[in-house]
Amino acid sequence: MYDYMIVGAGVIGLNIAREILFKKPDAKIVILEKESDVGYHSSGRNSGVLHAGFYYTSNSLKAKFTRDGNRELSRYCESNGLKINRCQKVVVTKDASELEALQILYERGIKNGVNVKIIDEDELKSKFKNVKTYKKALYSPDTATVDPIEILHHLKSELIKKGVEIRFNTPFKKGLEKEAKVLINAAGLYADKIAKSFGFSKDYTIIPFKGIYLKYCNNDMPINTNIYPVPNLKNPFLGVHYTITVDNTIKIGPTAIPAFWRENYKGLKNFNLQELIEILRYELKLFARNTFGFRDLAFEEIKKYNKKYFTSLAASMVENIDTKGFKQWSKPGIRAQLLNTKTLELLQDFVVEADDKSIHILNAVSPAFTSSMPFARWVVENYVLK
């Protein structure tokens, strides 16, 4: 009999196991993972950005966990010899209409205890000469990039050395939970499905959004920092931006295209008719009511399949770049976004439901990778070992 069974060997599941062992070194833990190794889904397909934590309102879990997670994951990489690129970040404005939202982001950052600063055009040029803004920009010196796959494999090795059993190629099936005293559901895209089989997630379902980046393939390095636009604060997406990866590759993206089934990465691979019908039903409701601007978002995202339009969004944030250099599409990722089926709102913070026998992480929403260590600790302290 195991003490804990964790479903999902993504960054949340692995860190929950790690946190349990910090508190109870003798705990018997098994992790079930339906794939043959770590990193096949959201945790291994994310941008690799360690966010600083200024996007989120100060009363949210995301604000605290992103701030602390940035610092903790940075230390983890440095102490274990894992790659980290301290490439920093700026949020730029296109015109006067965006200055108010930029100020809101700055104030959120200050309230959250994040190292952020409003800089003018001259200071921006002195730091990053090719970046363009209207009058002001937000500067985040603590934003960095890492290699998510490298971190996942290091966590996996660390846990195996400590005696955690990881069963790959093992999808969760009802009844397996009888092998453990407590089940912890960190199944990402399928967390709501598993939760429903335990009587949870009654008012929630996951709506998938596909994110793709375009890589810059020229030999020059016209960009040397992450560059983001001012986002629409009404939805959880950050808009097309420049990311400098851990190996100094420049990429632009991501899209936030509504997907039609949960693992809708490419073509008809992993096609699931039941998921298609269920997801379309909710997406059509969102489209008809234009909840949180879903209809506008859908039209805008579909336009991004046009490479010329996609690259033009990024080009507007810099003085000069060869947009023809963006030639290679990255591996697509799927964002597991929780929807309240009663209100048709997208949940923008972490959501956990539990009883004494099972714990369900329903909305480990972006930036879950950055937040993973403090979030896992919070789950363990408030639900697992309460």
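Structure: above.
Counting of residues starts from 1 at the beginning of each chain's written sequence and follows it residue by residue. Per-residue local features are limited, in this predicted model, to residues with pLDDT of at least 70; the limit for side-chain atom pairs, both in listing and counting, is 80 or more; totals at the level of whole chains, interfaces and linings are taken over all residues. Values shown for side chains rest on all heavy atoms present in the structure; no hydrogens or waters enter the calculation.

A look at the overall build of the chain
1) Next: When helices and strands are tallied, the chain shows eleven helices and 21 strands.
2) Next: In terms of C-alpha radius of gyration, the chain reaches 21 Å, essentially the compact-globule figure of 21 Å for 386 residues.
3) Next: Principal axes of the C-alpha set define a box for the chain whose edges measure 65 × 50 × 40 Å.
4) Next: Whether a residue is buried, partly exposed or exposed follows from its accessible area with a 1.4 Å probe, protein chains only, as a fraction of its type maximum: under 20%, in between, or over 50%, in that order. Residues counted as buried form 56% of the 386 residues belonging to the chain.
5) Next: Contacts are assigned to residue pairs with any non-hydrogen atoms lying within 4.5 Å of each other. Contacts in the chain between residues far apart in sequence, at least 24 positions, make up 74% of those at least 6 positions apart.
6) Next: In the structure as shown, the chain presents an accessible area of about 16,700 Å², 51% of it carried by carbon and sulfur atoms. Starting at the N terminus, helices and strands are each numbered in turn, a helix being any DSSP run of H or I of at least four residues and a strand any DSSP run of E of at least two. For a compact globule the rule gives 2.2 Å times the number of residues to the power 0.38, and the radius of gyration it is set against comes from C-alpha atoms. Here the open area of atoms and residues is found with the Shrake-Rupley method and a 1.4 Å probe, where only the protein chains shown may cover a residue.

Remarks on the pattern of salt bridges
1) Next: In the sections that follow, a salt bridge refers to a side-chain nitrogen of Lys or Arg positioned within 4 Å of a carboxyl oxygen of Asp or Glu. Overall, the coordinates contain 27 salt bridges when judged by the stated rule.
2) Next: The salt bridge involving Glu 150 is made with Lys 83; its shortest N-O contact spans 3.5 Å. One end of the pair, Glu 150, is in helix H6 (residues 148–161); the other, Lys 83, is in the loop between helix H3 (61–79) and strand E4 (84–85), and 67 residues separate them in sequence.
3) Next: Residue Lys 83 is classed as partly exposed on the basis of its relative accessible area, which comes to 38%.
4) Next: In this structure, Lys 193 and Glu 278 form a salt bridge, with 2.9 Å as the shortest nitrogen-oxygen distance. Separated by 85 residues along the polypeptide, Lys 193 in helix H7 (residues 191–196) and Glu 278 in helix H8 (residues 273–289) bring together distant segments of the chain.
5) Next: Note on Glu 278: relative accessible area 19%, which makes it buried.
6) Next: Through salt bridges with shared partners, a single network forms among Glu 19, Lys 23, Glu 72, Arg 377 and Glu 381.

A word on the packing of aromatic side chains
For any pair of aromatic rings, geometry is given as the distance between the ring centres together with the angle between the planes.
1) Next: In this scheme Phe, Tyr and Trp rings, the latter by its six-membered ring, pair at centre separations within 6.5 Å, and the angle between planes marks the pair as stacked below 30 degrees, edge-to-face above 60, and tilted otherwise. Overall, the coordinates contain 15 aromatic pairs when judged by the stated rule.
2) Next: Relative to Tyr 56, the ring of Tyr 55 has its centre 6.0 Å away and its plane inclined at 55°; by these criteria the two rings are tilted. For the pair Tyr 55 and Tyr 56, a shared accessibility class is recorded, and that class is buried.
3) Next: Here Phe 65 and Trp 378 contribute two aromatic rings whose centre-to-centre distance is 5.9 Å and whose plane-to-plane angle is 55°, an arrangement assigned as tilted. Here Phe 65, found in helix H3, pairs with Trp 378, found in helix H11 (residues 368–384); they are 313 residues apart in sequence, far enough to count as distant.
4) Next: We classify Phe 65 as buried; its relative accessible area is 3%.
5) Next: When its relative accessible area of 22% is taken as the criterion, Trp 378 is described as partly exposed.
6) Next: The rings of Phe 65, Phe 350, Phe 375, Trp 378 and Tyr 383 are connected pair by pair, giving a single aromatic cluster.
7) Next: Whether a charge sits over a ring depends on NZ of Lys or CZ of Arg being within 6 Å of the ring centre and within 35 degrees of the ring normal. Positioned above the aromatic ring of Tyr 282, the side-chain terminus of Arg 281 is 4.8 Å from the ring centre.

Some words on the sheet that holds strand E11 (residues 204–211)
1) Next: Strands were regarded as paired on the criterion that DSSP finds at least two bridges between them. Spatial strand order, E16-E11-E18-E19: four strands in an open sheet with antiparallel pairing. Looking at the sheet topology across the chains shown, the edges are occupied by strand E16 (257–258) and strand E19 (345–346).
2) Next: For helices, the axis comes from a line fit to the C-alpha atoms of the stretch in contact; other axes are also lines fit to C-alpha atoms, and the angle between any two N-to-C directions lies between 0 and 180 degrees. Contacting E11, E16 and strand E18 (333–340), H8 runs over the sheet at an angle of about 85° to E11.

Some remarks on the environment of Gly 81
1) Next: Mapping Gly 81 onto the fold places it in the loop between H3 and E4.
2) Next: Note: C-alpha distance between Gly 81 and Ile 20 (61 residues apart in sequence) is 24 Å.

Considering a nonpolar patch on the surface
1) Next: Surface patches are drawn from residues lacking salt bridges whose relative accessible area is over 30%; two like charges belong together within 9 Å, two nonpolar side chains (Val, Leu, Ile, Met, Phe, Trp, Tyr) within 5 Å. A cluster of nonpolar residues, Leu 268, Phe 271, Leu 273 and Ile 277, forms a patch on the protein surface that exposes about 440 Å² of accessible area.
2) Next: Mapped onto the elements of the fold, Phe 271 is located in the loop between E16 and H8.
3) Next: The class of Phe 271 is partly exposed, set by a relative accessible area of 41%.

Structural notes on unusual backbone geometry
Backbone phi values are negative for most residues with the exception of glycine, while trans is the configuration of most peptide bonds.
1) Next: Of the consecutive residues Gly 253 and Pro 254, the connecting peptide bond is found in the cis state with omega at -5°.
2) Next: Note on placement: Pro 254 falls in the loop between strand E15 (250–253) and E16.
3) Next: Despite not being glycine, Asn 270 has its phi angle at roughly 65°, a positive value.
4) Next: Structurally, Asn 270 can be placed in the loop between E16 and H8.
5) Next: In this structure, Leu 344 takes a positive phi of about 60° despite not being glycine.
6) Next: The residue Leu 344 is located in the loop between E18 and E19 in this model.
7) Next: When its relative accessible area of 2% is taken as the criterion, Leu 344 is described as buried.

Remarks on the packing of H3 against H6
1) Next: The contact between H3 and H6 brings their axes to 12 Å, and the two run at 75°. Relative to H6, the element H3 is oriented roughly perpendicular. The residues of H6 that touch H3, namely those facing Leu 73, Tyr 76 and Cys 77, are Ile 151, His 154, Leu 155 and Glu 158.
2) Next: For the contact of H3 with H6, the per-class residue count stands at five nonpolar, one polar and one charged. Roughly parallel means an angle under 35 degrees; roughly antiparallel, over 145; roughly perpendicular, 65 to 115; everything else is oblique. Under the scheme applied, nonpolar residues are Ala, Val, Leu, Ile, Met, Phe, Trp, Tyr, Cys and Pro; charged residues are Asp, Glu, Lys and Arg; polar residues are all the others, including Gly.

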